[in-house]
Amino acid sequence: MDREYLPLQLLHSLNGPVSNTDFQGLLFLFIKKYSETEPEYEFVPHRFGPFSYASFRDKWILMKKGLLEKSGHHWRLTKRGRIQAERSPIRLHALNLFVKRYGRLRGRRLMIEHYCEYPWDATRMQRLERCRLNTQQLQPVIRARAPRIAGGLLTFNFGGGKLEAFLNQLLQHSVTLVVDLRKMSDDKPSRSERKTFINACRDMDIRYERLADLEYDDFKAGTWPNRTAWLEAYER
């Protein structure tokens, strides 16, 4: 069974519509506590809680297949979605255990549950005050926040890895500007990948630039101080 069907199965096990934020929180908890090997999804600390870009994309794929629908700020199964979930159950035992223990958690209670145990994922949350955590509960979140760095230059290799893992690296090193050195084609998949990456950086309050764009005007005009060397470096 494809990974994209896990959100479908989780929503079916919860037996009712679930809000965007609560669903991400419940999926996060399930992955953290019941993934047997490599986790199906990775998450980043978002303004509204732990967020997985891959799971969000998979939910839209399920919508296009007519298995899932969005009503306001809630996700719910369609009739076809319920039939599919009942016909092809995955991780059924783990989901049953999860729902029995955590299935009724929503809102503040859900946030407290995973932020006390996984404080990194609360470090960027704007609504943390709504949890009304006491000083002792807040300390792990404060300690988990990445230290502010006065300045510096770091290099990272994305290498086709998971977007969330790369974003967590950037956040943990307090990166505020990404300069993309990759040479990308202009076909539709490459444009889509670039747009997703730019939007994700913006979500994390990280500025994104392409090396090809930073000095393009000077380069085109021939005023770049070492045009030949720049072109050779970029081609590499």
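Look above for the structure.
Structural notes, computed from the coordinates. All figures in this text were calculated on a predicted structure; none of them were measured in a lab.

A closer look at the overall build of the chain
Thinking step 1. Helix and strand counts for the chain come out as 12 helices and 7 strands.
Thinking step 2. Within the chain, the fraction of its 236 residues that count as buried is 41%.
Thinking step 3. If you take every contact in the chain between residues at least 6 apart in sequence, the share linking residues at least 24 apart comes to 66%.

Thoughts on the pairing of strand β4 (residues 68-71)
Thinking step 1. Pairing analysis gives 4 bridges linking β4 to strand β5 (residues 74-77), with the strands arranged antiparallel. Its bridge partner lying in β5, Lys 70 is registered against Trp 75.
Thinking step 2. Hairpin connection, β4 to β5: the antiparallel pair is bridged by 2 residues, and Gly 72 has positive phi, about 65°.

Quick notes on the sheet that holds β4
Thinking step 1. One open sheet accounts for 3 strands, arranged β1-β5-β4; its pairing is antiparallel. Where the open sheet ends on each side, the last strands, each with one partner, are β1 (18-19) and β4.
Thinking step 2. Packed on one face of the sheet, helix α1 (residues 5-14) meets β1, β4 and β5 and runs near 90° to β5.

Comments concerning the nonpolar core
Thinking step 1. Membership of the largest hydrophobic core comes to 32 residues, with the highest contact counts inside it found for Leu 27, Phe 30 and Phe 98.
Thinking step 2. Contributing elements (two or more residues each) for this core: α1, α2 (20-34), α3 (53-64), β5 and α5 (92-102).
Thinking step 3. For this core, the element with the highest residue contribution is α2, accounting for 8 residues.
Thinking step 4. Here Phe 98 is in contact with Leu 10, Leu 26, Leu 29, Phe 30, Tyr 34 and Gly 103, once residues within four sequence places are set aside.
Thinking step 5. Ranked by size, the runner-up nonpolar core spans 17 residues in total, among them Trp 120, Leu 170, Val 175 and Ile 206.

A closer look at the side chain of Glu 164
Thinking step 1. When you line up the elements, Glu 164 lands in helix α8 (residues 163-172).
Thinking step 2. Among buried charged residues, Glu 164 stands out as having no salt bridge; its nearest opposite-charge side chain is Arg 57, 6.2 Å away.
Thinking step 3. Reaching out from Glu 164, the side chain makes a polar contact with the backbone nitrogen of Ala 54 at a distance of 3.0 Å.
Thinking step 4. Dropping the residues within four chain positions of it, Glu 164 is found in contact with Glu 42, Phe 43, Val 44, Phe 51, Ser 52, Tyr 53 and Ala 54.

With respect to the environment of Val 175
Thinking step 1. By secondary structure assignment, the location of Val 175 is in the loop between α8 and β6 (177-180).
Thinking step 2. Once the C-alpha coordinates of Val 175 and Leu 154 are considered, the two residues, 21 residues apart in sequence, prove to be 8.4 Å apart.
Thinking step 3. Residue contacts for Val 175: discarding those within four places in its chain leaves Leu 154, Phe 156, Leu 170 and Ile 206.

With respect to the pattern of salt bridges
Thinking step 1. Tallied over the entire structure, the rule returns 3 salt bridges.
Thinking step 2. We note a salt bridge from Lys 33 to Glu 117, for which the minimum N-O separation is 2.8 Å. A residue pair is termed long-range when its members are at least 10 positions apart, and Lys 33 in helix α2 and Glu 117 in helix α6 (residues 107-117) qualify at 84 residues.
Thinking step 3. A salt bridge links Asp 205 to Arg 124; the nearest nitrogen and oxygen atoms lie 2.8 Å apart. With Asp 205 in the loop between α9 (188-203) and β7 (207-210) and Arg 124 in the loop between α6 and α7 (135-144), this residue pair connects regions lying 81 residues apart in the sequence.
Thinking step 4. Judged by relative accessible area, Arg 124 falls into the buried class, the value being 16%.

Conventions used here
Residues numbered from 1 in each chain as written. Predicted model: local features only at pLDDT ≥ 70, side-chain atom pairs only at ≥ 80, totals over all residues. Heavy atoms only, no water. Helix = DSSP H or I, 4+ residues; strand = E, 2+ residues; numbered from the N terminus. Buried < 20%, exposed > 50% of the residue type's maximum accessible area, 1.4 Å probe, protein only. Contact = heavy atoms within 4.5 Å. Pairing = 2+ DSSP bridges. Axes fitted to C-alpha atoms, helices over the stretch in contact; angles between N-to-C directions. Core = buried A, V, L, I, M, F, W, Y, C linked by side-chain atoms within 4.5 Å. Lys, Arg positive; Asp, Glu negative; His and termini not counted. Salt bridge = Lys/Arg side-chain N within 4 Å of Asp/Glu carboxyl O. Polar contact = N/O pair within 3.5 Å; in protein donor to acceptor, adjacent residues only side chain to side chain.

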